[in-house]
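Structural features, examined
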Amino acid sequence: MQKHDSVPLPDYQEYPLAEMHERSTAFLENVSRRHSVRSFSSRTVPQEIIEQCIKAASTAPSGANHQPWHFALIGSDSVKAEIRLQAEQEEQRFYGEKRGGEAWLNALAPLGTDASKPYLEKAPWLIAIFAERRGGVEKGMEHKNYYVAESVGIATGILITALHNAGLVALTHTPKPMGFLNKICNRPDSNKAYILMVVGYPEIDATVPQHALIKKSLDDITTYL
Ligand code: IYR
C-alpha cells in the first residue's frame with residue numbers, strides 16, 4: 001500500500017445560510033434556461049472559451065482520479081464535413097432502415113428528429129468526448145481505469161453546464177454506433193466515443209420541442225427517508 005499525503009482543503013468557501021438560499025435559487029434559474037438546441041448559427045466562438053469549459057469539465061470527480069476522458073475539439077470545416085457524412089450514414093440506418101426499432105423511434109417522435117444533421121457542419125465547434133478504458137492519473141499511463149462511464153458522464157454534465165453558463169448552446173449528439181469517430185479523431189481502440197457535443201450560438205429562429213419542456217417535479221424524482 002502506497003503512503004498517501006494530504007493537504008488542507010485549499011479553497012472551500014462557506015456562505016451564510018441566506019446566501020446559500022440565494023445562490024442555489026439563482027443557479028436553478030440559470031440552469032433551467034438550458035435547452036438542447038438543434039439549430040445552430042455559424043457565428044464563430046473563440047477557441048479559448050471552449051477550452052475554459054473543457055477545463056471546467058476536467059475538474060469532475062473520477063474513479064481513482066484517473067480522469068478517464070479525452071476531448072477532441074473540432075473546428076476544421078473538412079473534419080466537420082467528414083463527421084457529418086459518417087454520422088448521417090449511421091442515422092440513415094437508424095431512422096431509414098429502422099435499426100433503432102419501432103419502440104425507440106416512437107419514443108423519439110415527439111422530438112421531431114431525423115437522419116439529417118446539418119448542424120454537424122454549421123456549428124463552429126464539435127467536441128468528440130472519448131472515454132478512456134485505460135490510463136492513470138498521469139498522461140501516458142496504461143493502468144486500468146475505473147467507473148469510466150460514470151466519470152465521463154459527470155465531466156460531460158459539467159461541460160454542458162459550463163457551456164451554458166458561458167452563453168452558448170449545445171446538443172449531445174449520439175449517432176449509434178459512433179466508432180467512426182475514433183478513426184477521424186485518431187483515438188486508440190482503448191477509447192470509446194461517448195458523446196459528440198455540438199456547440200455554438202443558436203440560430204436566430206431556433207426552436208425546442210414542446211416535449212423537451214416537460215420536466216418531472218421534485219416529488220416525481222425524490223423520496224425522503
Ligand atoms: N442519434 C439519433 C437518435 C436519437 C436518440 C436519442 I435516445 C435522442 O434523445 C435523440 C436522438 C439522433 O441524433 O437523431
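To start, this report covers the structure provided alongside it. Since the model is a prediction, treat every value here as computed from it, not as a measurement.

Time to look at the site of the ligand. Close to the ligand lie Glu91, Phe94, Tyr95, Trp104, Leu108, Thr113, Asp114, Lys117, His173 and Thr174, which account for all nearby residues. Lys117 is positioned such that a nitrogen or oxygen atom in its side chain is 2.5 Å from an oxygen atom of the ligand. Within the backbone of Thr174, a nitrogen or oxygen atom sits 3.2 Å from a nitrogen atom of the ligand. Out of a free accessible area of 380 Å², the ligand has 73% covered by protein chains. Residue assignment for the shell around the ligand shows that the elements contributing at least two residues are α3 (77-96) and α4 (102-108). Examining the composition of the shell around the ligand, we find that three residues originate from one element, α3, more than from any other. Per-class residue counts for the shell around the ligand are four nonpolar, three polar and three charged.

For the rest of this paragraph, the subject is the side chain of Thr156. Topologically, Thr156 is positioned in helix α6 (residues 148-166). You can call Thr156 buried: its relative accessible area is 4%.

Let us now look at the sheet that holds strand β5 (residues 169-173). Across the sheet, which stays open at both edges, the four strands sit in the order β1-β2-β6-β5 with antiparallel pairing between neighbours. Of all strands in the sheet, those bounded by a partner on one side alone are β1 (69-74) and β5. Direction aside, the axes of adjacent strands within the sheet are offset by 25° on average. Two elements, β1 and strand β2 (residues 125-132), share six bridges in a ladder whose sense is antiparallel. Across the sheet, residue Ile74 finds its bridge partner in β2, namely Leu126. The sheet contacts of helix α2 (residues 47-57) involve β1, β2 and β6 (191-200), and relative to β1 the element is tilted by about 170°. Here α6 sits on the sheet in contact with β1, β2, β5 and β6, set at roughly 10° to β6.

Rules of the game
Residues numbered from 1 in each chain as written. Predicted model: local features only at pLDDT ≥ 70, side-chain atom pairs only at ≥ 80, totals over all residues. Heavy atoms only, no water. Near = heavy atom within 4 Å. Polar contact = N/O pair within 3.5 Å; in protein donor to acceptor, adjacent residues only side chain to side chain. Areas by Shrake-Rupley, 256 points an atom, 1.4 Å probe, with all protein chains shown as cover. Helix = DSSP H or I, 4+ residues; strand = E, 2+ residues; numbered from the N terminus. Nonpolar A, V, L, I, M, F, W, Y, C, P; charged D, E, K, R; others polar. Buried < 20%, exposed > 50% of the residue type's maximum accessible area, 1.4 Å probe, protein only. Pairing = 2+ DSSP bridges. Axes fitted to C-alpha atoms, helices over the stretch in contact; angles between N-to-C directions. Contact = heavy atoms within 4.5 Å.

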